[in-house]
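# Structural features, examined
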Amino acid sequence: NRESYDRIALWAHHSPQAIKRYVSIFLRIAALVRQERSVEEIAFLVNASPGLIRSYLALYAQVLTDPNRLKKLEEELTRTAGLAEAAKKGAIQP
């Protein structure tokens, strides 16, 4: 939520918009990893360097070891997949 992004932004010295973008990229990468895409494919699809993708993948590996973070990731991936499906059907305008 907005309050969480603001709090993280203060801590990380980044704008809330940047934090939201980082989270969005992370979720896209997590979804692509689950589709068994290669680092190079993910880099192309996300428009980021392979090195940056590997950094996100290291974070993803950490999430997999923490049940609470993994649960939150699952919730977010489900939520974003639902939004994407609704947008495809025209229920949500981009």
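As the structure is a prediction and not an experimental result, all values here were calculated from the model. (Residues numbered from 1 in each chain as written. Predicted model: local features only at pLDDT ≥ 70, side-chain atom pairs only at ≥ 80, totals over all residues. Heavy atoms only, no water.)

From N to C terminus, the protein chain includes five helices and zero strands. Its helices and strands taken in sequence order, the protein chain reads α-α-α-α-α from the N to the C terminus. Considering the protein chain as a whole, with its 94 residues, one finds that 23% of them fall into the buried category. For the protein chain, long-range pairs separated by at least 24 residues make up 40% of all intrachain contacts whose partners lie at least 6 apart in sequence. Accessible surface, the protein chain: about 6900 Å² in total, of which carbon and sulfur atoms supply 58%. (Helix = DSSP H or I, 4+ residues; strand = E, 2+ residues; numbered from the N terminus. Buried < 20%, exposed > 50% of the residue type's maximum accessible area, 1.4 Å probe, protein only. Contact = heavy atoms within 4.5 Å. Areas by Shrake-Rupley, 256 points an atom, 1.4 Å probe, with all protein chains shown as cover.)

This part is about the packing of aromatic side chains. One pass over the full model with this rule turns up two aromatic pairs. With a centroid separation of 6.4 Å and an interplanar angle of 35°, the aromatic rings of Phe 26 and Tyr 56 are classed as tilted. In this pair, Phe 26 sits in helix H2 (residues 16-34) while Tyr 56 sits in helix H4 (residues 50-64), placing the two residues 30 residues apart along the sequence. A centroid spacing of 6.4 Å and a plane angle of 55° characterise the contact between Phe 26 and Tyr 60, whose relative ring orientation is tilted. With Phe 26 in helix H2 and Tyr 60 in helix H4, this residue pair connects regions lying 34 residues apart in the sequence. Every member of this aromatic cluster is reached through a ring pair, and the members are Phe 26, Tyr 56 and Tyr 60. (Phe/Tyr/Trp six-rings, centres within 6.5 Å; stacked < 30°, edge-to-face > 60°.)

With that settled, consider the nonpolar core. In terms of nonpolar packing, the biggest core is built from 16 residues, with Phe 26, Ile 29, Ile 42, Val 46, Ile 53 and Leu 73 touching the most fellow members. Where this core is concerned, the elements lending two or more residues are H2, helix H3 (39-46), H4 and helix H5 (67-88). For this core, the element with the most residues is H2, which contributes five residues. Setting aside chain neighbours within four positions, we find Ile 53 in contact with Ile 29, Val 39, Ile 42, Ala 43, Val 46 and Ala 48. (Core = buried A, V, L, I, M, F, W, Y, C linked by side-chain atoms within 4.5 Å.)

The geometry of H2 relative to H3 is characterised by a closest axis approach of 10 Å and an angle of 140° between their N-to-C directions. Overall, the two elements H2 and H3 adopt an arrangement that is oblique. The handedness of the crossing between H2 and H3 is right-handed. Two secondary-structure elements touch here, H2 through Ile 25, Arg 28, Ile 29, Leu 32 and Val 33 and H3 through Ile 42, Leu 45 and Val 46. The residue makeup of the contact of H2 with H3, split by class, is seven nonpolar, no polar and one charged. (Axes fitted to C-alpha atoms, helices over the stretch in contact; angles between N-to-C directions. Parallel < 35°, antiparallel > 145°, perpendicular 65-115°, else oblique. Left-handed = near helix turned anticlockwise from the far one by under 90°. Nonpolar A, V, L, I, M, F, W, Y, C, P; charged D, E, K, R; others polar.)

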